Amino acid sequence: MHMDLEKLLLDNLPLIERIVAVTCRRQRLTKEESEDFGSVVKIKLIANDYAVLRAFSGRCTLAGYLTAVIQHAYLDHRNHLWGKWRPSAEAKRLGPLAVRLDTLMNRDGMTLDEACTASPAEDRDAMRALAPKLPSRVKRKVEGTAGLESLAASDGSPESRLIDEERDRASAGLERILAAAVEGLPPEDRLLIQLRVANGVSLASVARSYGQDARQIYRRWETLRRQLRASLERQGWDARQVAWVLESEGGAGGETGAPRPSTGVG
Amino acid sequence: MANEIKACPTLEQLAAFAEGRLSGAERDQVVVHLAECADCREVFAETLQTTDALRAEEAPARVVELRRAPAPGGGRLRLAASLAATVAVLLAAGWMIGEQGRPVRSPPSPEAWLAELPPAPQLVPWLWGGTVMRGGNHGGQSSGQSAELGALLVDLRVAARAGEVAIAAERLRRAAAILDEAGLMDEDVAAFRRIAGVTDSATMRRELNAALPTVEERIHERFESFYLDLGAFAEEVRLAGTSGRRGLLDARRTKRYVEWVLAQERQEGGQALSPSVSQGLRRLQQPEVTPAEQVDIGTSMLRVLTF
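Residues numbered from 1 in each chain as written. Chains lettered and ligands numbered in written order. Predicted model: local features only at pLDDT ≥ 70, side-chain atom pairs only at ≥ 80, totals over all residues. Heavy atoms only, no water.

**Concerning the pattern of salt bridges**
Now for step 1: Scanning all chains against the criterion turns up 24 salt bridges over all chains.
Now for step 2: A salt bridge links Glu 222 of chain A to Arg 225 of chain A; the nearest nitrogen and oxygen atoms lie 3.0 Å apart. On the criterion of helical spacing, the pair formed by Glu 222 of chain A and Arg 225 of chain A is a turn pair, its members being three residues apart in helix 14 (residues 214-234). The same class applies to Glu 222 of chain A as to Arg 225 of chain A, namely buried.
Now for step 3: A salt bridge links Arg 283 of chain B to Glu 288 of chain B; the nearest nitrogen and oxygen atoms lie 3.2 Å apart.
Now for step 4: Exposure remark for Arg 283 of chain B: the relative accessible area of 27% places this residue in the partly exposed category. (Salt bridge = Lys/Arg side-chain N within 4 Å of Asp/Glu carboxyl O. Helix = DSSP H or I, 4+ residues; strand = E, 2+ residues; numbered from the N terminus. Buried < 20%, exposed > 50% of the residue type's maximum accessible area, 1.4 Å probe, protein only.)

**A look at the packing of aromatic side chains**
Now for step 1: The tally for this structure, following the rule as stated, stands at seven aromatic pairs over all chains.
Now for step 2: Residues Phe 37 of chain A and Tyr 74 of chain A carry aromatic rings whose centres are separated by 5.6 Å and whose planes lie at 90 degrees to one another, so their mutual orientation is edge-to-face. In this pair, Phe 37 of chain A is assigned in helix 3 (residues 31-54) and Tyr 74 of chain A in helix 4 (residues 62-82), connecting sequence segments 37 residues apart.
Now for step 3: For Phe 37 of chain A, a relative accessible area of 0% corresponds to the buried category.
Now for step 4: Ring geometry for Phe 56 of chain A against Tyr 65 of chain A: centres 5.0 Å apart, planes inclined by 25 degrees, an arrangement best described as stacked.
Now for step 5: Looking at Tyr 65 of chain A, the relative accessible area reads 4%, which means it is buried.
Now for step 6: Chaining the aromatic ring pairs together yields one cluster made of Tyr 210 of chain A together with Phe 17 and Phe 44 of chain B. (Phe/Tyr/Trp six-rings, centres within 6.5 Å; stacked < 30°, edge-to-face > 60°.)

**Topic: the nonpolar core**
Now for step 1: Phe 37 of chain A together with Phe 17 of chain B are the most contacted members of the largest nonpolar core, which has 63 residues in total.
Now for step 2: No other element matches helix 4 of chain A, which puts ten residues into this core.
Now for step 3: Not counting residues up to four positions away in its chain, the partners in contact with Phe 17 of chain B are Leu 191, Ser 209 and Tyr 210 of chain A together with Leu 22, Arg 27, Val 30, Val 31, Leu 34 and Phe 44 of chain B.
Now for step 4: The next biggest cluster of nonpolar side chains, apart from the first, holds 28 residues, and it includes Ala 159, Ala 175, Ala 196 and Leu 208 of chain B. (Core = buried A, V, L, I, M, F, W, Y, C linked by side-chain atoms within 4.5 Å. Contact = heavy atoms within 4.5 Å.)

**Observations concerning helix 13 (residues 203-210) of chain A**
One turn of the α-helix equals 3.6 residues, which is why residues spaced by three or four share an orientation.
Residues and elements named next belong to chain A.
Now for step 1: The buried fraction of helix 13 is high, at six of eight residues.
Now for step 2: Among the residues of helix 13, those classed as buried are Leu 203, Ser 205, Val 206, Ala 207, Ser 209 and Tyr 210.
Now for step 3: Once helix 13 finishes, Gly 211 follows within two positions and takes phi at roughly 70 degrees, a positive value.

**Focus on the packing of helix 13 of chain A against helix 14 of chain A**
Residues and elements named next belong to chain A.
Now for step 1: The contact between helix 13 and helix 14 brings their axes to 8 Å, and the two run at 115 degrees. As summarised for this structure, helix 13 and helix 14 are arranged roughly perpendicular, according to the angle between their axes. Crossing of helix 13 over helix 14 shows right-handed handedness. For the pair formed by helix 13 and helix 14, the contact residues are Leu 203, Val 206, Ala 207 and Tyr 210 on the first element and Ala 214, Ile 217, Tyr 218 and Trp 221 on the second.
Now for step 2: Broken down by class, the residue content of the contact of helix 13 with helix 14 amounts to eight nonpolar, no polar and no charged. (Axes fitted to C-alpha atoms, helices over the stretch in contact; angles between N-to-C directions. Parallel < 35°, antiparallel > 145°, perpendicular 65-115°, else oblique. Left-handed = near helix turned anticlockwise from the far one by under 90°. Nonpolar A, V, L, I, M, F, W, Y, C, P; charged D, E, K, R; others polar.)

This is the structure in structure tokens:
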């Protein structure tokens, strides 16, 4: 049995390493962080005489199982390193790069410049563009001149300041808005809304897990979105806040600044 | 987390649900739990998104790498090594997504076959880009819009890769017009129009790289995937034909895709194809089809699909 599990692990090591690599890339980990996490995963897989592999009974593909195990390991690892600190719902909505930026600025107290310096060079422009979209969860440090110059912030006009304030209010209230919006809905619809709006999951992925055609899910989503908009507006939410939450559909789709290698244009 | 709370589903249950394999009371319980438990939902959402990223990274990107770093030795050795490696990668990818030996529902992505063709600038004069039938596809015919969008996205990639900003911009504007007409994609329309205004080729490529994955995902959600892929495939066939090579047609993935499309016709409730499209696809299955015929077939398919 032990030998079988060891062989299963070794045979699938390239797959495991690929899932780890994709996870690290999605979560925007640095090279050192990625190496650490890779070790954590391997230790987890061999711990307790391959208990994780022994628990696999073949109800899904091994690739799917290992993907879930590695995502769980990542979130555990993140909690271990950071405590139970959580990125804002808005950061999650905007994608992994926004989560990283939220972490560096709001958890670690870095300035935007410091956060950029601590991140890969190719992410920095996107991080500067994302910074003004994140809600202020803690008192922000005062930016240095360089940070202010490069920050894609509002143009300072009364209109843009008003928009920024509204967006911050909506950001801060996103989870409350969502909680109010999904109350009383069937669980499947609640889950669809949460995955789409708060986690930025694509409707195609939701359709796959629900065992439905993507078009069916899309139609359902459109119906729910209309109902939610009307319902939230009746509850007194400002129409523009509601539109901002529901219309942007997962912000940048959960992959801000993270082009997929197979769809690049060179 | 999933294993810390007594009522949480196991990771295998979450993975099975992600793959659409749960049913009945068990499925209902998992749905109810995920709607309530933020920790499990986060694991589940990350599993779905990582699975998508893994799928997006399958064979094509690796084929390009193999070409960049050919094995040393003579032509035959290189070819054999390349074929063996490609077969290994395709088998691995097929196993990963559980479709080994089965028909596939989408054609090879441009990244796979562009690497095997002449440099993109040589293909640019042959791009179709909707100009042949422009204006012929209005009135909400979603299959025609879908096919045209599929072809435009292929052209866009070739033009962007070739650094042909003006041509890429034209395709972007045409694609934006179709999205605009279909409605519900205002942000993507704005993004395409904004990128079309970029004059520097490197900046345009960078912005397209950032925007295309999510826009294409939404396009596939809102348009007809069958016709999007078929339009893209017709344009790929045309361009590959202009290069005088038939590598695209010989690729295993292409053969499986053509088989799958033709099989749809035979199924009850399946896609009804125009006779000329079916005939064209059957002809493409023949080993003696010439590059010139390929161009004609691709052009004819686009003409029919987009009207």
